[in-house]
Amino acid sequence: MAKTRQSWGSKLGIILAVAGSAVGLGNFLRFPVQAAQNGGGAFMIPYFVSFLLLGIPLMWIEWTLGRFGGGFEHGTGPGIFHSMWKKNRFIKYFGVIGIFGPIVIFIYYTYIESWLLGYTFFSLTGKYSSATTPEAMKSFLTGYQGLVKNEYFGGLGTAYTFFLITFILNITVVYYGIKGGIEKLCNWAMPVLFVCGTLLAIMVLTLGTPDITKPDWNLKNGLGFLWNPDFSKLLSGKVWMAAAGQIFFTLSVGIGVILTYASYLKKQDDVVLSGLTAATTNEFAEVILGGSIVIPAAFIFFGPENIIPIAQSGSFNLGFVTMPLIFGKIPFGIIFATLWFLLLFLAGITSSVSLAQPAVAFLEDEFNLARSESVGIFAVVCFVLCQPAIFFLGNGVVDELDFWGGTFCLVLFGTIEAILFSWVFGIDKAWDEMHIGADIKIPKFYKFIIKYITPLFLILILVFWFVQEGMPVILMKNVTAENLNFVILTRILLAGLFLLIAFLVKIAWNRKREVIR
Amino acid sequence: MNFSGWIFLSVSWLFIITLMFFCAIKIFKGGKK
């Protein structure tokens, strides 16, 4: 017997869920670093241009495609692409990327998310309070990750316990479904996240000059490091690509999760205003909150000489080393440190549950499995796949997963979606489809943007990124000899997973054909 | 922070806050429907 597809409980529910999927660690750790390194305030010019020409159109495309596919009882790439281009037998296999990518990201993201839960606990209990230097804090982190045995940790036991808790939490939320699990989680987690972010931003913005012996280490100069514009950077194509890339990754477009979330909408539900609101909510978290916490705080406490190396030290170093050290130097540091890691954990879990949903929806929609069965299969497969990311963290496994799942698939899938939407489905039909039940009308010039500018922009990013960053990784130029076998094995594993999903798509469609006969 | 920095910060914040207000008003009014 055919099952009734799940649906969202309210409009605000799906907006918060999509915003929750988009708001992640990158909003608070990647954006400020990108802005500071690529022209400061001037970075906001290509950033907002990309937001208007790439981010918002892709949001609308994915929301519309998802709702369209949901009308045919399809919630993932293969079914949605097939519904749009029924004559093409192969298009459904391109849709596999929209299931494969989220699973790959889920594999390592859940583990990183569990560190945040662990650090929330450590902040409350003061476990790292004795680590007062960057070296000691790094040692605490590497000890926790199981990379070394030291005075803080004797092995992976603690990290693995927090991973199990995080993994079970994720699976439980997905098990309770769209309305009872994901929507409920996002309805309370997102407001809490914004309260935590606002309190932290207020704390940083009221720091002034905490050390009067160092008058230059103040808030005004900290904000200046991030916002003073360097217009010469605007002449660099790399800066424009960095801005476009930041917009692309921050909005969670090109992954496949928005397709799945929007597939649970009803035919007459609005997608235009909802998509715009979700994108804007993400921007609030990124530019206003994300831009007010890490970099200004690091400048105030580490000074102008150290801010550049800190900004270049990477997201993990900023989040897990620099920030705890800062909290150690301020009044009520324990509370603010807890708020910081709780904020990141909530940003993480609202994203990771969205990454789980496409695979679960695929099993439910295309194999008519019950939700409990689909979630059970997903949980077992992902639990096994998570293990290499945990035990071989230091061997380049996570970087490899991030490259294929979190970068390559995103850009490729986004480009396919944009071309399919405007050129195969047809922009006139697509425009009408977008406006079904729309609460606001999209300005007419966006028809031109969606048809020409967005796909071109995406192709440009794809080519530029492929040449600049993709090729060296694909050719394993930066892989050390000791990590080579781990990287090759990870690639074999990923290729196997992709082929398995493609094979499942073939089986599902063969079964459907037999039923029709 | 120099004057240009303040301008970029203010315009960016204002742009996002205006968009948020626009969306919030439309959502709570229920749009044109």
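For the structure itself, consult the block above.
The rules behind these values
Residues numbered from 1 in each chain as written. Chains lettered and ligands numbered in written order. Predicted model: local features only at pLDDT ≥ 70, side-chain atom pairs only at ≥ 80, totals over all residues. Heavy atoms only, no water. Helix = DSSP H or I, 4+ residues; strand = E, 2+ residues; numbered from the N terminus. Buried < 20%, exposed > 50% of the residue type's maximum accessible area, 1.4 Å probe, protein only. Contact = heavy atoms within 4.5 Å. Areas by Shrake-Rupley, 256 points an atom, 1.4 Å probe, with all protein chains shown as cover. Patch = residues over 30% accessible without salt bridge, like charges linked within 9 Å, V, L, I, M, F, W, Y side chains within 5 Å. Salt bridge = Lys/Arg side-chain N within 4 Å of Asp/Glu carboxyl O. Core = buried A, V, L, I, M, F, W, Y, C linked by side-chain atoms within 4.5 Å. Lys, Arg positive; Asp, Glu negative; His and termini not counted. Charge placed at Lys NZ, Arg CZ, Asp CG, Glu CD.

**Section: the overall build of chain A**
- In terms of helices and strands, chain A carries 20 helices and 0 strands.
- In terms of principal-axis extent, the alpha carbons of chain A reach across some 80 × 50 × 45 Å.
- Here chain A holds 517 residues, and the buried ones make up 62% of them.
- The contacts in chain A between residues at least 6 apart in sequence include a share of 82% that link residues at least 24 apart.
- Of the roughly 19400 Å² that chain A leaves accessible, carbon and sulfur atoms contribute 67%.

**Focus on a nonpolar patch on the surface**
Residues and elements named next belong to chain A.
- A surface patch of nonpolar side chains, about 880 Å² in accessible area, is lined by Trp85, Ile419, Trp423, Val424, Phe448, Tyr452, Ile459, Val463, Phe466 and Val467.
- When contributions to the nonpolar patch are tallied by element, the ones reaching two or more residues are helix 17 (397-424) and helix 19 (445-474).
- Ranked by residue count, the leading element in the nonpolar patch is helix 19, at 6 residues.
- Judged by its relative accessible area of 37%, Ile459 falls in the partly exposed class.

**So, the nonpolar core**
All names here are of chain A.
- Residues Phe28, Ile103, Tyr119 and Trp340 are the most contacted members of the largest nonpolar core, which totals 206 residues.
- The element best represented in this core is helix 13 (residues 272-311), accounting for 21 residues.
- In this view, Trp340 contacts Phe28, Leu29, Leu200, Ile293, Val294, Gly319, Met323 and Phe327; residues no more than four positions away in its chain are not counted.

**Here's the deal with a positive patch on the surface**
Residues and elements named next belong to chain A.
- A contiguous patch of positive charge, built from Arg89, Lys506, Arg513 and Arg517, is present on the exposed surface.
- Note on placement: Lys506 falls in helix 20 (residues 484-516).
- For Lys506, a relative accessible area of 41% translates into the label partly exposed.

That is the geometry; function is a separate question.
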